[in-house]
Amino acid sequence: MILSISGVVLLGVVVFLFSRKDGLKLSHAVVCALFGFYLSGTSVAPSIAAGGTSVANLLGGITL
């Protein structure tokens, strides 16, 4: 688990630096996909899924 989390942190930092420095290119998108893949295998994944569901429900409930 420690190796998995350290990999997620490393890829997260790389994604952040890519998006801040150069914009997002194809190679950067591959790193982002790997980040998401490894992040889904951690203990944080259910919390992220619940947060995404909450935001979707919030946006779905907005009436104009």
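Everything numeric here is computed off the predicted structure, so don't read it as measured data.

### Observations concerning the overall build of the protein chain
Reasoning step 1: Counting secondary structure elements, the protein chain contains three helices and zero strands.
Reasoning step 2: Starting at the N terminus and ending at the C terminus, the protein chain contains elements arranged as α-α-α.
Reasoning step 3: The C-alpha radius of gyration of the protein chain comes to 15 Å, more than 25% above the 11 Å expected for a compact globule of 64 residues.
Reasoning step 4: Principal-axis analysis of the C-alpha atoms places the extent of the protein chain at approximately 40 × 30 × 15 Å.
Reasoning step 5: In the protein chain, buried positions account for 12% of the 64 residues.
Reasoning step 6: As presented, the protein chain carries roughly 4900 Å² of accessible surface, and 74% of it is formed by carbon and sulfur atoms.

### Digging into helix 2 (residues 26–39)
Along an α-helix, a turn takes 3.6 residues, which lines up residues three or four apart on a common side.
Reasoning step 1: For helix 2, built from 14 residues, the straight-helix expectation of 20 Å at 1.5 Å per residue is met to within 8% by its first-to-last C-alpha distance of 20 Å.
Reasoning step 2: The set of residues buried in helix 2 consists of His28, Val31 and Leu39. Seen from one end, helix 2 has its buried residues packed into an arc of 70°, which puts them on one side. Exposed side chains of helix 2 directed beyond 90 degrees from the buried face belong to Leu26 and Phe37.

### Regarding the confidence of the model for the protein chain
Detailed reading of predicted coordinates is not advised where the pLDDT is low.
Reasoning step 1: Chain-level statistics for the protein chain give a pLDDT mean of 77 and a share of 91% at 70 or above.
Reasoning step 2: Per-element mean pLDDT across the protein chain ranges from 73 in helix 1 (residues 2–21) up to 82 in helix 3 (residues 45–60).

### Thoughts on a nonpolar patch on the surface
Reasoning step 1: A cluster of nonpolar side chains, namely Val9, Val13, Phe16 and Leu17, defines an oily patch on the protein surface of about 380 Å² accessible area.
Reasoning step 2: Topologically, valine 13 is positioned in helix 1.

Conventions adopted
Residues numbered from 1 in each chain as written. Predicted model: local features only at pLDDT ≥ 70, side-chain atom pairs only at ≥ 80, totals over all residues. Heavy atoms only, no water. Helix = DSSP H or I, 4+ residues; strand = E, 2+ residues; numbered from the N terminus. Rg over C-alpha atoms; globule rule 2.2 N^0.38 Å. Buried < 20%, exposed > 50% of the residue type's maximum accessible area, 1.4 Å probe, protein only. Areas by Shrake-Rupley, 256 points an atom, 1.4 Å probe, with all protein chains shown as cover. Expected span 1.5 Å × (residues − 1). Arc of directions from axis to C-beta. pLDDT = per-residue confidence, 0-100. Patch = residues over 30% accessible without salt bridge, like charges linked within 9 Å, V, L, I, M, F, W, Y side chains within 5 Å. Salt bridge = Lys/Arg side-chain N within 4 Å of Asp/Glu carboxyl O.

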